[in-house]
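# Architecture at a glance
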Protein chains: 2
Amino acid sequence: MKACGLIVEYNPFHNGHVYHVQSAKKITKADCIIAVMSGPFLQRGEPAIIDKFHRTYAALQGGVDIVVELPYAFAVQSSEWFAKGAVLTLHALQVSSICFGSESGEITSFTNSYKQLTANLEAYNHALKLNLNAGLAFPEASKNAYEQIGLAYRNLTQPNNILGFSYVKTIYDYHLPIKPLTIQRSQSDYHDRTITGSIASATSIRETMLKEGAISPSIRNAIPEPTYEQLTAYKQTTSTWHTWEAYFPLLHYRVSTMTAQELASIQGVDEGLEHRIKKTAKQADSFYDWMEKLKTKRYTWTRLQRMFVHILTNTKKQDMEMLHNLAAIPYIRILGFTKQGQKYLRECKKELPTPLIHSMTRHMHPMLEMEERASHAYYSILPAAKKQNMLKQEFQPPIFSNHK
Amino acid sequence: MKACGLIVEYNPFHNGHVYHVQSAKKITKADCIIAVMSGPFLQRGEPAIIDKFHRTYAALQGGVDIVVELPYAFAVQSSEWFAKGAVLTLHALQVSSICFGSESGEITSFTNSYKQLTANLEAYNHALKLNLNAGLAFPEASKNAYEQIGLAYRNLTQPNNILGFSYVKTIYDYHLPIKPLTIQRSQSDYHDRTITGSIASATSIRETMLKEGAISPSIRNAIPEPTYEQLTAYKQTTSTWHTWEAYFPLLHYRVSTMTAQELASIQGVDEGLEHRIKKTAKQADSFYDWMEKLKTKRYTWTRLQRMFVHILTNTKKQDMEMLHNLAAIPYIRILGFTKQGQKYLRECKKELPTPLIHSMTRHMHPMLEMEERASHAYYSILPAAKKQNMLKQEFQPPIFSNHK
């Protein structure tokens, strides 16, 4: 059996994602689509609007055959680490291709960028360093560096293209037997905030949902029915969708009972930022307000959000350092599969170099303890009894979706 | 001017406290009554039902001339440390007597106990150690030890008598020029849970208030009018009175995002208790439920509650150790005074060996940073804007009550 890998967040799973799955199947003729998905917290440093289990269910109903979790240590990270974790996970699951969405839909623009970059790596690194030293945030510093050494940066100005480039880079850097593929995004701009028609960005869907506090017909038009069911079921069970604002009281409590020294030990709290966090905490009366007070030219919104996720989950620099020295992906957490996915797993299981785990197993690996802490933090905005109930899902077998 | 010191929690200030203040004035003929009061968290490991500022105001209206704060490092402690902090603070304020309530109202029963104990200290310590090693909790181990060496323990079975004894012991151990005095408690048993008449225990008042969600006529009959006003005003401003249950979500979040190792660094988390805390956290769906699951013969309710306060406020063993090596009380935080109290402070200020501080001063002393963290944790159950508003009180001048 042949598998194609997708790298996803599904926040939430929408019609654009259905198109992505179908296109990947079509162009690769894969027997099995494997999605590696972020868990409770996402790459841009945000809580997922509903939990990973409900997102998994929607994805399996929407055409994905296997959903595995991208470990927290890689999920809430810059594009390079995110890509490394995701690509190596898919490699461990023996996919023969990885298919991602992009604006152009042309893989050569990514592979050429990679070749250009590796051929000019020293010049790039030098230019990057100068830009960073001049006080620029990484994305801008990197953009300038590309331009200064005469590389075609235009393909890397969209967040999804940056990620795509990082996937290609990981595949090539590690010499993996994986074919990178890209399909053109059928939806409008990533940053588009309005919903028109049946294809809309996840951002616009979330913002509309949260603004309206419900799933209006226009949203329903942009998501498959199972997503509608999962979003609705989640809110019925927990009375909430997850947003940063809901975490503000916990985050503020946490920061105000930490010493500056403790704050400085948290992943992402660099360059004396701990004092700025403490200082701004005294005036902030919402998450957004805090972010506004905290951000500067140097600290991008995404970087600060990721840092706040690490504060919330108590993730230390030390934890991350340890994990970054990993020789290989230590385990793969299966969140769910279809009958077809099950067949694939059975077929290749014996040859897999990495242990598959079907539920949270305590004391197995420090990276998994991180997952557990993240999951606890994620559900901490729920009332106690509901929190305990939701956490139980971590110890149950993967979701089996037998819808075909 | 002559001052008499009281050691109090005023949770809340009630008619029994008015009687205490009046009796102390009468028997000592003091010009000034100084109360050293616990701040946000109390000796038995509980949040105060309303904040220290509102309790201060009620006390000043009820006859107390100066209210100072017992630092967190002493307030949330066993009777010995609690007494040490309180008595040394009052000594620094040059009181000539300390007056406390007791069941008997006879100071000789305390002074005799002290003499007997010091004469038999070695035998007591030996017996205490054997009882502790046999697995008894401290109060019971201590009680047995007293009995085994033939001391009159009967006076020390009531919580207030244990504290009274500790005050006397501190005065004598440090050879302080302070006369210990006691008045008979006019109210019914400390543990009494019902309100009958105008004198009721703070416990019964709190429990009735919380059960009824309001201040019924029977409660109102047991508290002075200013206490009624402060309790009402507090609830109007914050929509809440503080109870452990309100802190359960924060506490549970905190524990579930800490590693066992981090938990073990917290004050009061001893003897591998961190694993028991982590384990029971997985089933607890309320604070009471958690305590029930956690407690054993060895760990008393009070000890566990104090430990939970330290977890909530992030107070480390290391923080406490540093403070326990203090040569003297490093500062005295004035919470409020009357005209008479102001006169006293003016008169003796120049001679005072300890700096008086009138509001939170940052970076002054690690013990004060502990106070700030405790205050943040205390107000963390309030909505963000209210929390910020309440915290501002820490940076305002003391309360001046000019009611006479």
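For clarity, every value in this text was computed on a predicted model and none was experimentally measured.

### Concerning the interface of chain A and chain B
In this complex, chain A contributes 30 residues to the contact, which on the side of chain B involves 30 residues. Both faces considered, chain A and chain B share a buried interface measuring about 2,400 Å² in area, 51% of it formed by carbon and sulfur atoms. Contact with chain B buries area across many residues of chain A, yet Y253, K282 and Q388 of chain A alone supply 27% of it, more than any other trio. Between chain A and chain B we count 4 salt bridges in total. K282 of chain A is the partner of E372 of chain B in a salt bridge, and the nearest nitrogen-oxygen pair spans 3.4 Å. Where chain A meets chain B, there are 23 residue pairs in polar contact (both at pLDDT 80 or more). Top element by residues in the side of chain A that touches chain B is helix α12 (residues 244–256) of chain A. It accounts for 6 residues. In the side of chain A that touches chain B, the residues fall into 11 nonpolar, 10 polar and 9 charged.

### A word on the pairing of strand β6 (residues 332–338) of chain A
Residue and element names in this part refer to chain A. For β6, a buried count of 7 out of 7 residues is recorded, marking the element as mostly surrounded by other parts of the structure. For strand β3 (residues 66–70) and β6, the ladder comprises 4 bridges, and the chain directions are antiparallel. Bridge pairing links E69 to R333 in β6. Examined bridge by bridge, β6 and strand β7 (residues 356–357) share 2 bridges and lie parallel to one another. Within β7, the position partnered with I332 by the bridge is L356.

### Brief notes about the relation of the copies chain A and chain B
After a rotation of 180° and a shift along the axis of 0.0 Å, chain A superposes on chain B with an RMSD of 0.0 Å. Accordingly, the operation relating the two chain copies is best matched by a two-fold axis. For chain A, the minimum C-alpha distance to the rotation axis belongs to L250 of chain A and amounts to 3.4 Å. Same-surface contact between copies: 100% of interface residues of chain A are shared with the interface of chain B.

### Points about the domain arrangement of chain A
By domain assignment, chain A separates into domain 1 (3–103 + 181–192 + 326–401), domain 2 (118–157) and domain 3 (244–320). Measuring from the centre of the C-alpha atoms in domain 1 of chain A to the corresponding centre in domain 2 of chain A gives 31 Å.

### Digging into the packing of aromatic side chains
Inspection of every chain in the model, using the stated rule, returns 37 aromatic pairs over all chains. Centroid distance W244 of chain A to F308 of chain A: 6.3 Å. Interplanar angle 65°. Geometry classified as edge-to-face. Separated by 64 residues along the polypeptide, W244 of chain A in helix α12 and F308 of chain A in helix α16 (residues 301–313) bring together distant segments of the chain. This pair shows no difference in class: W244 of chain A is buried, exactly as F308 of chain A is. Plain terms: the ring middles of Y288 of chain B and W301 of chain B are 5.5 Å apart, the flat faces sit at 50° to each other, and that makes the pair tilted.

### Here's the deal with the environment of R276 of chain B
Residue and element names in this part refer to chain B. Here R276 lies in helix α14 (residues 273–281). Note on R276: relative accessible area 31%, which makes it partly exposed. The spacing of R276 and A260 is 16 residues in sequence and 9.7 Å in space, taken between C-alpha atoms. Not counting the four nearest positions on each side in its chain, R276 is found in contact with K293, L294, K295 and T296.

### Description of the nonpolar core
Ranked by internal contacts, the top residues of the largest apolar core, which has 265 residues, are I277, F308 and I311 of chain A together with I277, F308 and I311 of chain B. Beyond its immediate stretch of four places on either side in the chain, I277 of chain A contacts V255, L263, V269, W290, L294, M307, F308 and I311 of chain A.

### Topic: helix α5 (residues 107–119) of chain A
In this model, α5 of chain A (13 residues) spans 18 Å end to end at C-alpha, consistent with the 18 Å of a helix rising 1.5 Å per residue. Those residues of α5 of chain A lying buried are S109, F110, T111, S113, Y114 and L117 of chain A.

### Concerning the pattern of salt bridges
On inspection of all chains with the given rule, the structure shows 34 salt bridges over all chains. Bridged by salt links that share partners, the residues K52, E69, R333 and E394 of chain A form one connected network.

### Looking at the packing of helix α19 (residues 366–379) of chain A against helix α20 (residues 384–392) of chain A
All names here are of chain A. One way to put it is that α19 packs onto α20 with a least axis distance of 9 Å and a crossing angle of 145°. Here α19 and α20 pass one another in a crossing that is right-handed. Only K387, M390 and L391 of α20 make contact with α19, whose side of the interface consists of S375, H376 and Y379.

### Remarks on the state of the cysteines
Scanning the model with the defined rule gives 0 disulfides over all chains in all. C4 of chain A carries a free sulfur, and the closest cysteine sulfur to it, the one in C99 of chain A, is 5.3 Å from it. Lacking any disulfide linkage, C32 of chain B is separated from the closest cysteine sulfur, that of C348 of chain B, by 8.1 Å.

What counts as what
Numbering of residues starts from 1 in each chain and follows the order in which that chain's sequence is written. Chain letters and ligand numbers both follow the written order, the letters beginning at A and the numbers at 1. Local features in this predicted model are restricted to residues whose pLDDT is 70 or higher, and side-chain atom pairs enter the listing and the counts only when it is 80 or higher, whereas totals over whole chains, interfaces and linings include all residues. Values shown for side chains rest on all heavy atoms present in the structure; no hydrogens or waters enter the calculation. Here, two residues are considered to be in contact whenever any of their heavy atoms come within 4.5 Å of each other. Buried area counts how much accessible surface, traced with a 1.4 Å probe, disappears from two parts once they are put together, with both parts' losses summed. By definition, a salt bridge exists where a carboxyl oxygen of Asp or Glu is found within 4 Å of a side-chain nitrogen of Lys or Arg. Counted as a polar contact is a pair of N or O atoms within 3.5 Å, where, for protein atoms, one must be capable of donating a hydrogen and the other of accepting one, and residues adjacent in sequence contribute only when both atoms are in side chains. Think of it this way: any DSSP run of H or I at least four residues long counts as a helix, any run of E at least two long counts as a strand, and we number them from the N terminus. In the scheme used here, Gly and all other residues not listed as nonpolar or charged are polar, with Ala, Val, Leu, Ile, Met, Phe, Trp, Tyr, Cys and Pro taken as nonpolar and Asp, Glu, Lys and Arg as charged. The classification of residues rests on relative accessible area computed with a 1.4 Å probe and restricted to protein chains. Under 20% of the type maximum is buried, over 50% is exposed, and intermediate values are partly exposed. One requirement defines pairing of two strands: DSSP has to find at least two bridges between them. In superposing the copies, a least-squares fit is computed on C-alpha atoms, taking residues whose pLDDT is at least 70 in both. Domain limits in this description derive from either an automatic procedure or a database domain assignment. Two rings from Phe, Tyr or Trp (for Trp, the six-membered ring) form a pair when their centres are within 6.5 Å of each other. A pair whose planes differ by under 30 degrees is stacked, one over 60 is edge-to-face, and the rest are tilted. Throughout, nonpolar core names a set of buried Ala, Val, Leu, Ile, Met, Phe, Trp, Tyr and Cys residues whose side chains join them through atoms within 4.5 Å. Expected helix span is given by 1.5 Å per residue-to-residue step, counting one fewer step than there are residues. Orientation is described by axes fitted as lines to C-alpha atoms, over the contacting stretch for helices, and by angles from 0 to 180 degrees between their N-to-C directions. Left-handed describes a crossing in which the near helix is turned anticlockwise from the far one by less than a right angle; the clockwise case is right-handed. Sulfur atoms of two cysteines make up a disulfide when they are within 2.5 Å.

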